[in-house]
Amino acid sequence: MDKPGFFSNLFNSKTGASLRPEESQPENFDHLPSQFQIGYDSNLIRKLREDHAELLRLFNEIKAFSEYGGYAAMSELLASFQMALQTHLMLEDIKFYTYLQQLLAKNTDLSSFISNVKQEMDGIANAVMCFTDTYKNQKMIDGKDAKFKKELSEIGDVLLKRINLEETRLFSLYIPSYQ
């Protein structure tokens, strides 16, 4: 009997459902001098959307190669996907989520929601990094084809849901601060 993959618990949870109350408290940025606060970037949402498109392109390329047994190119594709995701997540974490937490610090409901979404993204990122680290070596995929495809499918589902959440709901919260 197969044990559940390391994605199953993460991907079956709802935003913030597995967080303890002390982890979901919004950060208070009022004490930071203004030079340490993140400012609004009018090009950020465009850049994040471009990153999303590139991540989906790479993911679809990985999926296509896996469907046709093209594992020779898989290591390079997984490394490219991992690098693209890491750079996207750094930008998103610092310039998007931190800015929103600053902007919405006085709205406890929205600030708490953003904090939960950010923490969930950290969990998703860790799971995806484990996946790419595991399978970047071509020999690791051979003989584990079904498991690889299952985990790849789970990643695709979560990636699509996450991109949809960000682009349809969260990006609309990113507005200039007029304080």
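Predicted model only: the values in this text are computed from it and were never measured.

### Concerning the confidence of the model for the protein
When pLDDT is averaged along the protein, the result is 83, and 78% of the positions lie at 70 or above. Confidence, expressed as mean pLDDT per element, reaches its minimum in the protein at helix α1 (residues 8-11) with 46 and its maximum at helix α2 (residues 44-67) with 96.

### Side note on the packing of helix α3 (residues 74-103) against helix α4 (residues 108-135)
Between α3 and α4, the least distance of the axes is 11 Å, while the angle of their chain directions is 165°. By the angle between their axes, α3 is roughly antiparallel relative to α4. Crossing of α3 against α4: the hand is left-handed. Taken together, the residues that form the contact of α3 with α4 break down as 14 nonpolar, seven polar and four charged.

### Some points on α2
With 24 residues, α2 extends 34 Å from end C-alpha to end C-alpha; this agrees with the ideal 34 Å at 1.5 Å per step. Within α2, burial applies to Leu44, Ile45, Leu48, Asp51, His52, Leu55, Leu58, Phe59, Ile62 and Ser66. Considering only its buried residues, α2 is in contact with α3 and α6 (145-170). Immediately downstream of α2, the backbone of glycine 69 shows phi near 70°, a positive value.

### Quick look at the nonpolar core
Grouped burial of nonpolar side chains is what soluble globular proteins tend to show. Judged by nonpolar contacts, the single largest core of 26 residues is most densely connected at Ile62, Met74, Leu78, Phe81, Phe131, Ile141 and Phe148. Secondary-structure elements contributing two or more residues to this core are α2, α3, α4 and α6. With residues up to four places along the chain from it excluded, the contact list for leucine 78 reads Ile62, Phe131, Thr132, Tyr135, Lys136, Ile141 and Phe148. Grouped together as the second largest cluster of nonpolar side chains are 15 residues, Leu48, Phe96, Leu100 and Leu103 included.

### Re the environment of leucine 170
Structurally, leucine 170 can be placed in helix α6. Residue classification places leucine 170 among the buried residues on the basis of a relative accessible area of 1%. Spatially, the C-alpha atoms of leucine 170 and leucine 100 are 9.3 Å apart, while their sequence positions differ by 70 residues.

### Observations regarding the side chain of glutamate 92
Considering the arrangement of structural elements, one finds glutamate 92 in helix α3. An unpaired buried charge is present at glutamate 92: no salt bridge exists, and arginine 162, the closest side chain of opposite charge, is 5.5 Å distant.

### Some thoughts on the pattern of salt bridges
Evaluated as defined, the whole model comprises twelve salt bridges. For arginine 46, the salt bridge is made with glutamate 50, and the minimal N-O distance between the two is 2.8 Å. Here arginine 46 pairs with glutamate 50, and both are found in helix α2, just four residues apart, close to one helical turn. A residue is classified by how much of its surface remains accessible, and arginine 46, at 44% relative accessible area, is partly exposed. A relative accessible area of 42% means that glutamate 50 is categorised as partly exposed. Bridged by salt links that share partners, the residues Glu54, Arg57 and Glu61 form one connected network.

### Some words on the packing of aromatic side chains
Counted under the stated rule, the structure contains nine aromatic pairs. Between phenylalanine 96 and phenylalanine 171, the ring centres sit 5.3 Å apart and the planes meet at 80°, which makes this aromatic pair edge-to-face. In this pair, phenylalanine 96 sits in helix α3 while phenylalanine 171 sits in the segment after α6, placing the two residues 75 residues apart along the sequence. Neither residue differs from the other here; phenylalanine 96 and phenylalanine 171 are each classed as buried. Put simply, the rings of Tyr40, Phe96, Tyr97, Tyr99, Phe171 and Tyr174 pair up and form one aromatic cluster.

Rules used in this analysis
Residues numbered from 1 in each chain as written. Predicted model: local features only at pLDDT ≥ 70, side-chain atom pairs only at ≥ 80, totals over all residues. Heavy atoms only, no water. pLDDT = per-residue confidence, 0-100. Helix = DSSP H or I, 4+ residues; strand = E, 2+ residues; numbered from the N terminus. Axes fitted to C-alpha atoms, helices over the stretch in contact; angles between N-to-C directions. Parallel < 35°, antiparallel > 145°, perpendicular 65-115°, else oblique. Left-handed = near helix turned anticlockwise from the far one by under 90°. Nonpolar A, V, L, I, M, F, W, Y, C, P; charged D, E, K, R; others polar. Expected span 1.5 Å × (residues − 1). Buried < 20%, exposed > 50% of the residue type's maximum accessible area, 1.4 Å probe, protein only. Contact = heavy atoms within 4.5 Å. Core = buried A, V, L, I, M, F, W, Y, C linked by side-chain atoms within 4.5 Å. Lys, Arg positive; Asp, Glu negative; His and termini not counted. Salt bridge = Lys/Arg side-chain N within 4 Å of Asp/Glu carboxyl O. Phe/Tyr/Trp six-rings, centres within 6.5 Å; stacked < 30°, edge-to-face > 60°.

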